[in-house]
Amino acid sequence: QVQLVESGGGLVQAGGSLRLSCAASGLTFSYYGMGWFRQAPGKEREFVAAISWSGDTTYYADSVKGRFAISRDNGKNTVYLQMNSLKPEDTAVYYCAGGPRAGSNNPRTYSHWGQGTQVTVSS
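Residues numbered from 1 in each chain as written. Predicted model: local features only at pLDDT ≥ 70, side-chain atom pairs only at ≥ 80, totals over all residues. Heavy atoms only, no water.

## Brief notes about the state of the cysteines
In this structure the tally under the stated criterion is one disulfide. For C22, the disulfide goes to C96, at an S-S distance of 1.9 Å. Note that C22 is positioned in strand 3 (residues 18–25) and C96 in strand 9 (residues 92–99), a separation of 74 residues in sequence. In this structure, C22 and C96 share a single accessibility class: buried. (Disulfide = S-S within 2.5 Å. Helix = DSSP H or I, 4+ residues; strand = E, 2+ residues; numbered from the N terminus. Buried < 20%, exposed > 50% of the residue type's maximum accessible area, 1.4 Å probe, protein only.)

Structural data, given as structure tokens:
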């Protein structure tokens, strides 16, 4: 059974930092590109960042470029999202997902999803 478990969310003041982790089990982690998506109340789920199976290629939404960094450790079956200079508009539930080996910004291409972790940024 595939499981993706996010952790590291919480409440932080604007300008602060958080590091999200997503631990994967039940799949060959290194076969998958991994992505982070987020969904704010009343809004559609949106792409945040993605990383290829090897970690060589990364993709970012324009809204987080230069502030967020995605990385992975295939030995630990874990993908990370370092979030710096957080803004109130970053408030959302953050989901990790496993999908195409090259990585993708299209949520429809991802086959495995975690349950999400709440990130709240206060002004």
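## A word on the environment of P107
Residue position: P107 is located in the loop between strand 9 and strand 10 (112–113). For P107, a relative accessible area of 30% puts it in the partly exposed group. Note: C-alpha distance between P107 and E46 (61 residues apart in sequence) is 8.0 Å.

## Concerning the packing of aromatic side chains
Evaluation of the coordinates by the stated rule reveals four aromatic pairs. Ring geometry for F37 and F47: centres 5.7 Å apart, planes at 70 degrees, overall edge-to-face. On the criterion of sequence distance, the pair formed by F37 in strand 4 (residues 33–39) and F47 in strand 5 (residues 46–51) is long-range, its members being 10 residues apart. Taken individually, F37 and F47 each receive the classification buried, so the pair is uniform in this respect. Sitting over the face of the ring of F29, R72 holds its NZ or CZ atom 4.4 Å from the ring centroid. Across from the ring centre of W53, 4.5 Å away, lies the NZ or CZ of R101, which sits over that ring. (Phe/Tyr/Trp six-rings, centres within 6.5 Å; stacked < 30°, edge-to-face > 60°. Lys NZ or Arg CZ within 6 Å of the ring centre and 35° of its normal.)

Keep in mind that these numbers describe shape and distance, not what the molecule does.
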